[in-house]
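Breakdown of the fold
The residues making up each chain are set out below.
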Amino acid sequence: KNQVEQSPQSLIILEGKNCTLQCNYTVSPFSNLRWYKQDTGRGPVSLTIMTFSENTKSNGRYTATLDADTKQSSLHITASQLSDSASYICVVSETGTASKLTFGTGTRLQVTL
Amino acid sequence: GAVVSQHPSRVICKSGTSVKIECRSLDFQATTMFWYRQFPKQSLMLMATSNEGSKATYEQGVEKDKFLINHASLTLSTLTVTSAHPEDSSFYICSARVSEWSPLHFGNGTRLTVT
């Protein structure tokens, strides 16, 4: 069964600090992996999308990495801001016309003063 | 950027009534739309995948007769919760994309409360 596991489940950090969120998956055959940010009561917003051949992709203060061999991805947030407080969701897609998506359970990040 | 509009953002209905939620892609043609349900402090749970012009594919455990999905055009999909019960109260979100390789664009969700 395809699974996407994220850790930690929740995280509290001080403003200005860095943090790294983890995503491990068993989805096969792998197509791509996406990280989303979801503010409370809103729909998720795409941060990055990575394919099999990509190791690193950045979007401002967000940097995602992908190790397709170990089936692991990370999302690193640099110099965190209060507005980074949200849930971060890892979504892995299977290849093929069905393109089934498997969602991670998310990491709830809280940035405090 | 691509925008997905979901309406209404909040709805309160009485038990036994039906509620329709709309999901529109405003500036792109969405060949595939997805519907999710999200409980507090949990991640999104995929309910069904809808391809324009064909019947929706429902995830295991989701009642297709209760959650009616229509994707009649490339810019509009609707989810109708029929004979709603209090346990149907949840946050419903749609997403849309052009193709397998294009990003998913999410609506802002609909908070459904059934009294």
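Whatever comes next refers back to the structure up there.
What you are looking at is a predicted structure, and each value in this text was computed from that prediction instead of being measured.

Digging into the overall build of chain A
- Helix and strand content of chain A: zero helices and eleven strands.
- Counting from the amino terminus, chain A carries its helices and strands in the arrangement β-β-β-β-β-β-β-β-β-β-β.
- Counting only C-alpha atoms and orienting by the principal axes, one finds that chain A spans roughly 45 × 30 × 20 Å.
- Put simply, chain A has 113 residues, and 44% of those count as buried.
- Restricting the contact set of chain A to residue pairs at least 6 apart, pairs at least 24 apart contribute 56%.
- For chain A, the accessible area works out to roughly 5400 Å², and carbon and sulfur atoms hold 49% of it.
- Both charge centroids of chain A, one from 10 positive and one from 8 negative side chains, sit 6 Å from each other.

Quick word on the pairing of strand β4 (residues 32-38) of chain B
Residues and elements named next belong to chain B.
- For β4, a buried count of seven out of seven residues is recorded, marking the element as mostly surrounded by other parts of the structure.
- With burial as the criterion, each face of β4 is covered, one bearing T32, F34, Y36 and Q38 and the other bearing M33, W35 and R37.
- Between β4 and strand β5 (residues 45-51), which pair antiparallel one after the other, the connecting turn spans six residues, and K41 there sits at a positive phi close to 60 degrees.
- Direction of pairing for β4 relative to strand β9 (residues 90-97): antiparallel, over a ladder of seven bridges. Paired with Y36 across the two strands is I93, which belongs to β9.

What about unusual backbone geometry?
- With an omega dihedral of -10 degrees, the bond running from A:S7 to A:P8 counts as a cis peptide bond.
- Put simply, A:S28 and A:P29 share a cis peptide bond, and its omega is -5 degrees.
- Among the secondary structure elements, A:P29 is positioned in the loop between β3 (19-25) and β4 (30-38).
- Positive phi is not limited to glycine here, since A:A79 has a value of about 50 degrees.
- According to the relative accessible area criterion, A:A79 is partly exposed, its value standing at 34%.
- Unlike most non-glycine residues, B:S83 shows phi in positive territory, near 45 degrees.
- Within the secondary structure layout, B:S83 lies in the loop between β8 (76-81) and β9.

Conventions adopted
Throughout, a residue's number is its position along its own chain's written sequence, starting from 1. Chain labels run from A onward and ligand labels from 1 onward, assigned in the order the entries are written. The predicted origin of the model limits local features to residues at a pLDDT of at least 70 and limits the giving and counting of side-chain atom pairs to 80 or more, whereas totals for whole chains, interfaces and linings rest on all residues. Note that the side-chain values use all heavy atoms of the structure and ignore hydrogens as well as water. What counts as a helix is a DSSP run of H or I of at least four residues, what counts as a strand is a run of E of at least two, and both are numbered from the N terminus. Relative accessibility decides the category of a residue: with a 1.4 Å probe and only protein chains considered, values under 20% of the type maximum give buried, values over 50% give exposed, and everything between is partly exposed. Contact definition: two residues touch when any of their heavy atoms are within 4.5 Å. The accessible surface values rely on the Shrake-Rupley method and a 1.4 Å probe; as for residues, cover is taken only from the protein chains in view. Under the counting rule used here, the positive set is Lys and Arg, the negative set is Asp and Glu, and His together with the chain ends is not counted. A charged residue contributes its charge at one atom only: NZ of Lys, CZ of Arg, CG of Asp or CD of Glu. Paired strands, in this sense, are two strands between which DSSP finds at least two bridges.

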